[in-house]
Amino acid sequence: MSSQTSSHKPRVAVVFGGRSSEHAISVLTAGAVLRAIDREKYDVLPIGITTDGRWALTADDPDRMAITDGRLPSVAELAESAEGGVVLPVDPTNREVVYSEPGSVPKALGEVDVVFPVLHGPYGEDGTLQGLLELSGVPYVGSGVLASAVGQDKDYMKRVFASFGLPVGPYEVIRPREWEQDPAAARKKIVDFAGEHGWPLFVKPARAGSSMGISKVDDLSGLDEAIEEARSHDPKILVESLLRGREIECGVLEFEDGPRASVPAEIPPVTAHDFYDFEAKYIDSATGIVPAPLTAEQTAEIQGLAVAAFEAASCEGLVRADFFLQDNGEFVINEINTLPGFTPISMYPRMWQESGVSYPELIDRLLQAALQRSTGLR
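All figures in this text were calculated on a predicted structure; none of them were measured in a lab.

## Considering the sheet that holds strand β8 (residues 171-174)
- Taken in spatial order, the 4 strands of this open sheet run β8-β11-β9-β10, and their pairing is antiparallel. Strands at the two margins of the open sheet, each flanked by one partner only, are β8 and β10 (215-217). Each adjacent strand pair in this sheet contributes to an overall mean axis angle of 25°, direction not counted.
- The pairing of β8 with strand β11 (residues 237-241) spans 4 bridges and is classified as antiparallel. Bridging from a neighbouring strand, valine 173 pairs with leucine 238 of β11.
- Where helix α7 (residues 183-197) meets the sheet, it contacts β8, β9 (201-205) and β11, and its direction lies at approximately 175° from that of β8.
- Against the sheet, helix α8 (residues 223-231) contacts β9, β10 and β11, and its axis sits at roughly 25° relative to β9.

As C-alpha cells, then:
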C-alpha cells in the first residue's frame, strides 16, 4: 500500500489502447481523459497497451491522441520505446510500477494509487484487466470482473436483463462451434429467426463495441458476408431483429448515495449511413441531441430502466445504457457499456454535462470513488 500524507497527490495510471479492434477509440478516449484530469490534484502516469499486448510507457501528450486527417492514433506511435515494457506487480503489498528495456537495468516508476482503465472491448473492458488489478490490489475506476464480463458479452447481458424483467428485443446467438461444424444449420437458424421477426437483421460480434463488425442485412444474399465480418471481430455472433423507433441513451453515475441517471440523449437518424456505425460515430462526428426530446414521463421511465440495468449487472462507477423507444411507445434496452467512450463527442460526458456534472468533475468523481472502494469481494 502506498503511504498517504497530506502532501501526497494520488497517482493515477491511465491505461489505454489494448489488443481489441477498438484500440484507436481507446487512444482517443485517453487523450480526452488526460486533458481533463486536474494536475493540481493528481499525478498522472500514461500507460499504453499496444495491439500485440505490450505495456508501453507513453508520452503524456493528449494532442497526439486524436484523429488527424481521418487517420486514427495508436499506442505504437506514442510509445517512448519500441521495446520497453511496463510491469504492474501482481502483489497487493507492492504497487511499484517498473519499466524495463532489453539490456538495461529496470527503472522504478513509483507507486500507483488508482488505475483509470479507458480500454474498450476484449482484453480490457471485459473483466480481464479488472481481474489483474484485483490480484494486484490496485483500486480502479469502473465495474468489477463480473459486471465487466457481463457488459461485454451481449448474449449474457441480455440474459441477465431478461431475468430481472427488463425489456429485451428478439435476438439469436450463433456460437463458434455451430458455424464451424455446420454452417448450413447455423444459417437456417438465422433464416428461421428472420421468418419469425422479419428482415432486415443486424449481425454483430457478441463481444465488441463502437459498432465494430456490425452489418445490416436486408435479405439472405448478404448474410454470409455479414457473418464473416462479425466473426472477424469475435467467433461468437449475435443476430438481432430491427426495432423500429428512436435510439435513446442514458448515463448512470455512482454517487455516495447510489447510482443516478443523467438526462437522456437521442441519436438521430444518420442520413449518410444505414445505422449509427463506426464511421458515423467517430469519423463523421455525428452528434446526438442532449437532452432527448422526451416527455417527463418517458424521461423518468428511461432513467429508471438505466439504473435498473446498472443494478442488474452489478455495475460500479459508471455505465452508458442504450435503448430503443419503439413506435408503440415502449422502451427496449439494447446494451450497456461499462467503460463508455470519453472522446470530446462521446455521449456519456455530454449527458452528464447537461445534468450539471462537468467533464473534469466527472473524471474527479470517478477517481475519488475508485480510491475509496476496496478491491476484492465487496
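## Section: the environment of glutamate 247
- Assignment of secondary structure puts glutamate 247 in strand β12 (residues 245-255).
- Counting along the chain gives 165 residues from glutamate 247 to alanine 82, while the straight-line C-alpha distance between them is 42 Å.

## Section: the pattern of salt bridges
- One pass over the structure, following the stated rule, counts 26 salt bridges.
- Residues lysine 236 and aspartate 155 are paired through a salt bridge, measuring 3.1 Å at the closest nitrogen-oxygen approach. You can see lysine 236 sitting in the loop between α8 and β11 and its partner aspartate 155 sitting in helix α5 (residues 154-163), a full 81 residues away along the chain. Across the pair, aspartate 155 and lysine 236 agree in class, each one buried.
- Glutamate 266 is paired through a salt bridge with arginine 246; the nearest N and O atoms lie 2.8 Å apart. Of the two residues, glutamate 266 is situated in strand β14 (residues 265-267) and arginine 246 in strand β12; the sequence distance between them amounts to 20 residues.
- Of the residues examined, arginine 246 reaches a relative accessible area of 27% and is grouped as partly exposed.
- Taken together, the shared-partner salt bridges connect Asp153, Asp155, Arg159, Arg175 and Lys236 into one network.

Analysis parameters
- Residues numbered from 1 in each chain as written.
- Predicted model: local features only at pLDDT ≥ 70, side-chain atom pairs only at ≥ 80, totals over all residues.
- Heavy atoms only, no water.
- Pairing = 2+ DSSP bridges.
- Helix = DSSP H or I, 4+ residues; strand = E, 2+ residues; numbered from the N terminus.
- Axes fitted to C-alpha atoms, helices over the stretch in contact; angles between N-to-C directions.
- Contact = heavy atoms within 4.5 Å.
- Salt bridge = Lys/Arg side-chain N within 4 Å of Asp/Glu carboxyl O.
- Buried < 20%, exposed > 50% of the residue type's maximum accessible area, 1.4 Å probe, protein only.

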